[in-house]
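Chain by chain, the residues run as shown.
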Amino acid sequence: MTKEKLELVEVSPRDGLQNEPDLVSTENKLALIDHILAAGFRRLEAGSFVNPKKVPQMADGDAVFAGLPKRADATFIALALNLRGVERANAAGAKEINYVFCASDGFSIRNNGGPVEETFKVWPEVAATAKAAGVRLSASVSTAFGCPFDGEVPVRRVVEVAERCLRESIFELALADTIGVASPADVHERFRAVKASLPAHVQLRAHFHNTRNTALANAVAAVEEGVRVLDGSLAGIGGCPFAPGAAGNVPTEDLLYMFNRMGFDTGVDLDRAIEGAKFIGGVLGRKTPGMVSRAPKWPS
Ligand code: ZN
């Protein structure tokens, strides 16, 4: 029996590192990316093109993209929040851009520089710019499960924002639990609601943080809703500079162990992923949240 495919998108070089107070060198970011590729990941967030004054850790995006291995079998995603970021990503040679909107105004004002309504004004131009550059474009809806400033985010609001994302040509739509407040029931409800208006050619992606230890359960719920693309960050590093109290992303190696045991094929080697998790933990010089990398090997 052939196993069902599940794509794990590795976000440690971007979401994982962006909140780290001490600057990680470009060299170490590229070494992390080598570990990620060696483990078998074929799609990863390599960096973001955002205001370097606001997110100093991502200021070397150009250098990271310039230093990426030339591999036709790997996709390196650049994250952008505005037209300038898209233009910088294009100039850096990014082949895929993840453009981020928010479901809540409170977070949008701090993260994207304006209320949600205002951030969509530039969306047609962003899509046209990406298309002209031959870049694959995906959209993320952050704070899709709750906002650190506005509190609960209604389901209908998430659907509205998702529908606006879908007015331009994207190949993928992500719902992100930016601050890790979702439960599996929320995941079922929100992905189901968004699926109702999703064109067949657009795939879904889920992005979870483990702030309240619900991320693995949420990942299972997303897969039960038909999502086949999940974000993870090796070692469970990560957080958001504009989301107070947001802890790390779901540890990719923990996701990988679980979905391996559930019979999915991710194309990623667990031992090599653990090596990557240990590498970045060593660079950061502290204990990281991932659990599988600290557990005895199973089956032994
Ligand atoms: Zn995140």
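To keep things clear, this report deals only with the structure shown in the data block. (Residues numbered from 1 in each chain as written. Predicted model: local features only at pLDDT ≥ 70, side-chain atom pairs only at ≥ 80, totals over all residues. Heavy atoms only, no water.)

## Details of the pairing of strand E8 (residues 203-208)
Stage number 1. E8 sits mainly inside the fold: 5 of its 6 residues count as buried.
Stage number 2. Direction of pairing for strand E7 (residues 172-177) relative to E8: parallel, over a ladder of 6 bridges. Note on E8: the bridge partner recorded for Leu175 is Ala206.
Stage number 3. In this region the chain leaves E7, passes through helix H9 (residues 184-195) and returns to the parallel neighbour E8; the handedness of that crossover is right-handed. (Buried < 20%, exposed > 50% of the residue type's maximum accessible area, 1.4 Å probe, protein only. Helix = DSSP H or I, 4+ residues; strand = E, 2+ residues; numbered from the N terminus. Pairing = 2+ DSSP bridges. Right-handed = clockwise from strand over helix to strand, strands pointing away.)

## Considering the packing of helix H4 (residues 83-91) against helix H7 (residues 123-132)
Geometry of a packed helix pair, given as the angle between the helix axes and the separation of the axes.
Stage number 1. Packing of H4 against H7 leaves a shortest axis separation of 10 Å and a crossing angle of 5°. Relative to H7, H4 is oriented roughly parallel. Facing H4, whose interface residues are Leu83, Val86, Glu87 and Asn90, H7 presents Glu125, Val126 and Thr129.
Stage number 2. Broken down by class, the residue content of the contact of H4 with H7 amounts to 3 nonpolar, 2 polar and 2 charged. (Axes fitted to C-alpha atoms, helices over the stretch in contact; angles between N-to-C directions. Parallel < 35°, antiparallel > 145°, perpendicular 65-115°, else oblique. Contact = heavy atoms within 4.5 Å. Nonpolar A, V, L, I, M, F, W, Y, C, P; charged D, E, K, R; others polar.)

## Focus: the side chain of Glu253
Stage number 1. Residue placement: Glu253 occurs in helix H11 (residues 252-261).
Stage number 2. Within the buried core, Glu253 has no salt-bridge partner, and the shortest N-O distance to an opposite charge, that of Arg294, equals 7.6 Å.
Stage number 3. A distance of 3.0 Å separates a polar atom in the side chain of Glu253 from the backbone nitrogen of Ala235.
Stage number 4. Discounting residues that sit within four places of it in the chain, Glu253 has contacts with Ser233, Leu234, Ala235, Leu270, Ile274, Ala277, Gly290, Val292 and Ser293. (Lys, Arg positive; Asp, Glu negative; His and termini not counted. Salt bridge = Lys/Arg side-chain N within 4 Å of Asp/Glu carboxyl O. Polar contact = N/O pair within 3.5 Å; in protein donor to acceptor, adjacent residues only side chain to side chain.)

## Structural notes on the packing of H11 against helix H12 (residues 270-284)
Stage number 1. H12 packs onto H11 with a crossing angle of 165° between their chain directions and a minimal axis gap of 9 Å. Compared by their axis directions, H11 and H12 come out roughly antiparallel. As for the relative orientation of H11 and H12, their crossing is left-handed in sense. Across the interface between the two elements, Glu253, Leu256, Tyr257 and Asn260 from H11 touch Leu270, Ala273, Ile274 and Ala277 from H12.
Stage number 2. The class makeup of the residues in the contact of H11 with H12 is 6 nonpolar, 1 polar and 1 charged. (Left-handed = near helix turned anticlockwise from the far one by under 90°.)

## Section: the coordination of the zinc ion
Stage number 1. Note on the zinc ion: its protein donors are Asp15 (OD), His207 (NE2) and His209 (NE2). The metal-donor distances range over 2.0 to 2.1 Å.
Stage number 2. Taken in sequence order, the residues that donate to the zinc ion follow the motif D-x191-H-x1-H. Of this pair, Asp15 sits in helix H1 (residues 12-16) while His207 sits in strand E8, placing them 192 residues apart in sequence.
Stage number 3. Its relative accessible area of 4% is what places Asp15 among the buried residues. (Donors = N, O, S within 2.8 Å, 3.2 Å for Na, K, Ca; no water.)

## Remarks on the side chain of Arg205
Stage number 1. Mapped onto the elements of the fold, Arg205 is located in strand E8.
Stage number 2. For Arg205, the side chain forms a polar contact with the side chain of Asp231, separated by 2.6 Å.

## Some points on the packing of aromatic side chains
Stage number 1. What the rule picks out here adds up to 8 aromatic pairs.
Stage number 2. Ring plane angle 85° and centroid distance 4.9 Å describe the contact between Phe101 and Trp123, whose orientation is recorded as edge-to-face. Note that Phe101 is positioned in strand E5 (residues 96-102) and Trp123 in helix H7, a separation of 22 residues in sequence. The same class applies to Phe101 as to Trp123, namely buried.
Stage number 3. Seen in terms of ring centroids, Phe107 and Phe149 are 6.5 Å apart; in terms of plane orientation they differ by 25°. Their pairing is stacked. Here Phe107 is found in helix H5 (residues 105-111), whereas its partner Phe149 is found in the loop between strand E6 (136-142) and helix H8 (155-165), with 42 residues between them in sequence.
Stage number 4. The exposure class assigned to Phe107 is buried, which follows from its relative accessible area of 1%.
Stage number 5. Under the relative-accessibility criterion, Phe149 is labelled partly exposed at 31%. (Phe/Tyr/Trp six-rings, centres within 6.5 Å; stacked < 30°, edge-to-face > 60°.)

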